[in-house]
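# Structure assessment
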Amino acid sequence: MTEIDPGEATSTAPAAHREPSDDVDLRRVGLHPDFWYPVALSRRVRTGRVRATTFAGQRIAVYRGASGAVHAVEDRCAHRQVPLSMGVVEGDTLRCCYHAWAYRGDGRISQIPYLAKGDGRPPRGVRGYPVREAYGLVFVFPGDPAKAAATPLPHLPAFHSPAYRTMTFSRTVRCHYSFLHENLLDMNHQFLHRGVVGRLRPELLDRRTTADSVEARYLFTHAGGKRNRGANLLAGEGIGGSDSSDVMTIRTAYPYQTLDLVPQDARQPAFRLWAAYVPEDAEQRTCHAYGLLMIARPRIPGALGLAWPFIRRFTERVFAEDRMAVEAEQRAWDEQGEDRNHEIFPLILDLRAVLRANGVPLGPRAAVCAGGARCGQDLPSDGRPGGPAAPCPTAR
């Protein structure tokens, strides 16, 4: 039995970013990998267990070792390509279920049980991903690992504030992530939710756009109709509801999205939402939506606990209606093979420009290699168009 020198394994490097032009179909623009993305709920990554996750076609095995630290590695064994998420956690290493090759948390091979000293040199290890835990989520950095340390996690002070309690959401949605950004930012779709919020009249107060963000402020007025009890409780208006006007601020700060609702005459938001839409497949037509809904605690002790089930049911119903709409948009895109939307709202046109400018192009085959690069065709070995073909440098 031979231990493997950790210096024998190497990681892959991501491809350079290419900015798409404004006439590129947004649904063919991928999410930029050089950010921290949630891929699992912390509570579901238990000590001594491993979970299979994905980011844009990159299969990632996330496991928690005996020390309590979470690790993330490419989800395939370098030997026979069997998923490491089928493996066994031993201490802080992950052992493949097939031939028992063991990997450290950085993806380097630590042991091959049957390898003798005279045997041939073993293959390199697999890619290890920078990983961090925050806000009850496991974040990985799927892009250039050299940029991970200097790239901050999202800043959510309300999560740790005693004035708020957080409700966590984790759902798969079968659509391109851009549809979800548009859905939340464009509040003119309230007719969709008329059965739970009654007749809401949104008025766009102002909008702001920068190179990597779009922000909108709406004035919401309840214009009649039956309003769900959970909506009243979430907005801090009590069971009886209120005819007050609320100000809602929604912001896409690439690649995340936030929403704050401040009731009339209130000093702080009644609730604050943070959301990330993490693509799962290489073509990015399915994503996993992670949401943290931070709800202000009322003055009456225990009141929020009593309201919690009503708020949960309300938010789940609203999300189900939104998911129905955005998945229908994705089906239309799939059937037509292009984006035939006739968008006229300037706010959403601004948003689309920001998402295009900050994303990365997806090729027609949209295969994503272990290094985060866009694959699907061979690369010229001499760097010149038309040069002799060479395989992707990150392929093993």
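Being a predicted model, the structure only gives us computed values, none of them experimental.

## Comments concerning the overall build of the protein
For the protein, the helix and strand inventory stands at six helices and 25 strands. Among the 396 residues that make up the protein, the fraction classed as buried is 49%. Put simply, 62% of the contacts in the protein that link residues at least 6 apart link residues at least 24 apart. Carbon and sulfur atoms provide 52% of the accessible area of the protein, an area that totals close to 19000 Å².

## Topic: the packing of helix 2 (residues 177–185) against helix 6 (residues 346–358)
Running from N to C, helix 2 and helix 6 cross one another at 150 degrees; their axes reach a closest spacing of 10 Å. Taken together, helix 2 and helix 6 sit at an angle that is classed as roughly antiparallel. Pair helix 2 / helix 6 crosses with right-handed handedness. Across the interface between the two elements, Ser178, His181, Glu182 and Leu185 of helix 2 pack against Leu347, Ile348, Leu351, Arg352 and Leu355 of helix 6. When grouped by side-chain class, the residues that make up the contact of helix 2 with helix 6 number five nonpolar, two polar and two charged.

## Structural notes on helix 2
For helix 2, a buried count of nine out of nine residues is recorded, marking the element as mostly surrounded by other parts of the structure. Those residues of helix 2 not exposed but buried are Tyr177, Ser178, Phe179, Leu180, His181, Glu182, Asn183, Leu184 and Leu185.

## Things to note about the side chain of Asp322
For Asp322, the position within the fold is in helix 5 (residues 303–336). Although Asp322 is buried, it forms no salt bridge, and the closest oppositely charged side chain is Arg323 at an N-O distance of 9.8 Å. If we ignore the near neighbours within four places in the chain, the residues touching Asp322 are Asn183, His189, Leu192 and His193.

## Thoughts on the nonpolar core
Of all hydrophobic cores here, the largest spans 83 residues; its most connected members are Trp274 and Ile295. No other element matches the eight residues that strand 20 (residues 287–296) contributes to this core. Once residues within four sequence positions are removed from consideration, Ile295 is found in contact with Ala163, Tyr164, Arg165, Met167, Leu234, Ala270, Phe271, Leu304, Trp308 and Ile311. With 17 residues, the next largest nonpolar core counts Val50, Tyr63, Val89 and Leu115 among its residues.

## Side note on the packing of aromatic side chains
Tallied over the full model, the rule gives eight aromatic pairs. For the pair Tyr135 and Phe159, a centre-to-centre distance of 5.2 Å together with 75 degrees between the ring planes defines the contact as edge-to-face. Here the residue Tyr135 occupies a position in the loop between strand 12 (131–134) and strand 13 (137–140), and Phe159 occupies one in helix 1 (residues 157–160), the gap between them amounting to 24 residues. In textbook terms, an aromatic cluster arises when at least three aromatic residues are bridged by ring pairs, as seen for Phe35, Tyr37, Phe55 and Tyr254. Between the NZ or CZ atom of Arg132 and the centre of the ring of Trp36, over which it lies, the distance is 5.7 Å. Geometry around Trp308 places Arg165 over its ring, the cationic atom sitting 3.8 Å from the centre.

## Section: the confidence of the model for the protein
The predicted coordinates ought not to be read in detail in places where the model reports low pLDDT. Of the residues in the protein, 84% reach a pLDDT of 70 or more, and the chain-wide mean stands at 84. Taken together, the stretch residues 5–19 has pLDDT below 50 and engages in 32 contacts with residues farther than four places along the chain or on a different chain. With pLDDT under 50 throughout, residues 366–396 is counted as low confidence; its partners more than four residues away or in other chains account for 64 contacts.

## Structural notes on unusual backbone geometry
With omega at 5 degrees, the peptide bond leading from Tyr254 into Pro255 counts as cis. Examined against the element boundaries, Pro255 turns out to sit in the loop between strand 17 (246–253) and strand 18 (256–263). A positive phi angle, close to 70 degrees, is found at Ala100, a residue other than glycine. Position of Ala100 among the secondary structure elements: in the loop between strand 8 (93–95) and strand 9 (102–103).

## Quick notes on the packing of helix 2 against helix 5
As a packed pair, helix 2 and helix 5 sit with axes 10 Å apart at the nearest point and diverge in direction by 135 degrees. Classified by the interaxial angle, the pair formed by helix 2 and helix 5 is oblique. Where helix 2 crosses over helix 5, the two elements pack in a sense that is right-handed. Listed contacts from helix 5 to Phe179, Leu180 and Asn183 of helix 2 are Asp322, Val326, Glu329 and Gln330.

The rules behind these values
- Residues numbered from 1 in each chain as written.
- Predicted model: local features only at pLDDT ≥ 70, side-chain atom pairs only at ≥ 80, totals over all residues.
- Heavy atoms only, no water.
- Helix = DSSP H or I, 4+ residues; strand = E, 2+ residues; numbered from the N terminus.
- Buried < 20%, exposed > 50% of the residue type's maximum accessible area, 1.4 Å probe, protein only.
- Contact = heavy atoms within 4.5 Å.
- Areas by Shrake-Rupley, 256 points an atom, 1.4 Å probe, with all protein chains shown as cover.
- Axes fitted to C-alpha atoms, helices over the stretch in contact; angles between N-to-C directions.
- Parallel < 35°, antiparallel > 145°, perpendicular 65-115°, else oblique.
- Left-handed = near helix turned anticlockwise from the far one by under 90°.
- Nonpolar A, V, L, I, M, F, W, Y, C, P; charged D, E, K, R; others polar.
- Lys, Arg positive; Asp, Glu negative; His and termini not counted.
- Salt bridge = Lys/Arg side-chain N within 4 Å of Asp/Glu carboxyl O.
- Core = buried A, V, L, I, M, F, W, Y, C linked by side-chain atoms within 4.5 Å.
- Phe/Tyr/Trp six-rings, centres within 6.5 Å; stacked < 30°, edge-to-face > 60°.
- Lys NZ or Arg CZ within 6 Å of the ring centre and 35° of its normal.
- pLDDT = per-residue confidence, 0-100.

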